[in-house]
Amino acid sequence: MKRPSDSGTQISLTLAAYDITKTNIPTVDPDNPDVFFAVGEVKSRGIELDVAGEITPGWKIVASGFLNDAYVSEDNDPSLKGSRLVNAPYHGASLWTTYEIQSGDLQGFGFGAELFFIGDRITNQSDPFTLPSYVRTDATIFYKRNDWGAALNFKNLFDVKYYETNGFYVFPQAPFTAQGTISFSF
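A brief report on the enclosed structure follows. (Residues numbered from 1 in each chain as written. Predicted model: local features only at pLDDT ≥ 70, side-chain atom pairs only at ≥ 80, totals over all residues. Heavy atoms only, no water.)

Notes on the sheet that holds strand S12 (residues 177-184)
Strand order in this open sheet of eight strands is S1-S2-S3-S4-S5-S8-S9-S12, and the pairing throughout is antiparallel. Both edges of this open sheet fall to strand S1 (10-29) and S12, since each of them pairs with a single strand only. Strand-to-strand twist of the sheet, defined as the mean angle between neighbouring strand axes without regard to direction, takes the value 15°. Strand direction decides the pairing type here: strand S2 (residues 32-56) and strand S3 (residues 59-74), joined by 15 bridges, are antiparallel. Bridge pairing links Thr56 to Trp59 in S3. (Pairing = 2+ DSSP bridges. Helix = DSSP H or I, 4+ residues; strand = E, 2+ residues; numbered from the N terminus. Axes fitted to C-alpha atoms, helices over the stretch in contact; angles between N-to-C directions.)

Laid out in C-alpha cells, this is it:
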C-alpha cells in the first residue's frame, strides 16, 4: 500500500502471514546414527510487517519486524517432535534510516543508522543450548555527487558480542568494523 501526500511522503506497508511445511527433512536412524532417512518435517508459522518509504525529501526509513514459530513436526526421534527449529528466533526487528541533504553546498551528503534485533535461538535439538538475543547498531556516512560516490560504513558500532550457529558449531560474529568505499557509475 502506497500513500502519496502533498508533502511528497511515500510509505509502503507490507504485512505477510505464513504457514509453511517443509517435508523430507533428513532425520537420524535411531538404530544407526550414521544413517539418515528423509522422513522429517518442520513447520514455520508467523507474521511479518515491513514499512519503507521517504518521510520527507531525503529522509528514508525501512522498518521490519517478525514473529515466527518454527518447530519440528515429525522426526524418527519422538522426543524432538514439537521442539524449536535450530537457529530460528521467535522474534526480530530492524530499523534503518538515512538522511541525504537535498540542496546547497552539502547536497549529496548523508548519514544513517540501523538497529538490528534478533531474539534468542537454540543451537541444536539434542542439547538445546540457547544463543542469547542481541541488538546490533550499524551506521553510515556517505556523499554522492553526479556519477561519484563515497561511503564510510560502520558495522557493530558498539562492539556487541553476538553469535550465529549452523546447527553444529557456534561462531562469534565480527566486532566493530569500518569499511570505506568509493564508486563511479557509468
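Here the narrative resumes.
Observations concerning the side chain of Arg121
Structurally, the position occupied by Arg121 is in strand S6 (residues 121-122). Residue Arg121 is classed as buried on the basis of its relative accessible area of 1%. A distance of 3.3 Å separates polar atoms of two side chains, one belonging to Arg121 and the other to Asn87. Residues within four places of Arg121 in sequence aside, it is in contact with Arg84, Asn87, Ala88, Pro89, Phe129, Thr130, Leu131, Pro132, Tyr134, Tyr163 and Glu164. (Buried < 20%, exposed > 50% of the residue type's maximum accessible area, 1.4 Å probe, protein only. Polar contact = N/O pair within 3.5 Å; in protein donor to acceptor, adjacent residues only side chain to side chain. Contact = heavy atoms within 4.5 Å.)

Thoughts on the pattern of salt bridges
Throughout the structure, instances matching the rule amount to seven salt bridges. Measuring nitrogen to oxygen at the nearest pair gives 3.4 Å for the salt bridge that ties Glu100 to Lys144. On the criterion of sequence distance, the pair formed by Glu100 in strand S4 (residues 91-100) and Lys144 in strand S8 (residues 134-145) is long-range, its members being 44 residues apart. Between Arg121 and Glu164 there is a salt bridge; the shortest N-O distance is 3.4 Å. Within this pair, whereas Arg121 is found in strand S6, its partner Glu164 is found in strand S10 (residues 163-165), the two being separated by 43 residues in sequence. (Salt bridge = Lys/Arg side-chain N within 4 Å of Asp/Glu carboxyl O.)

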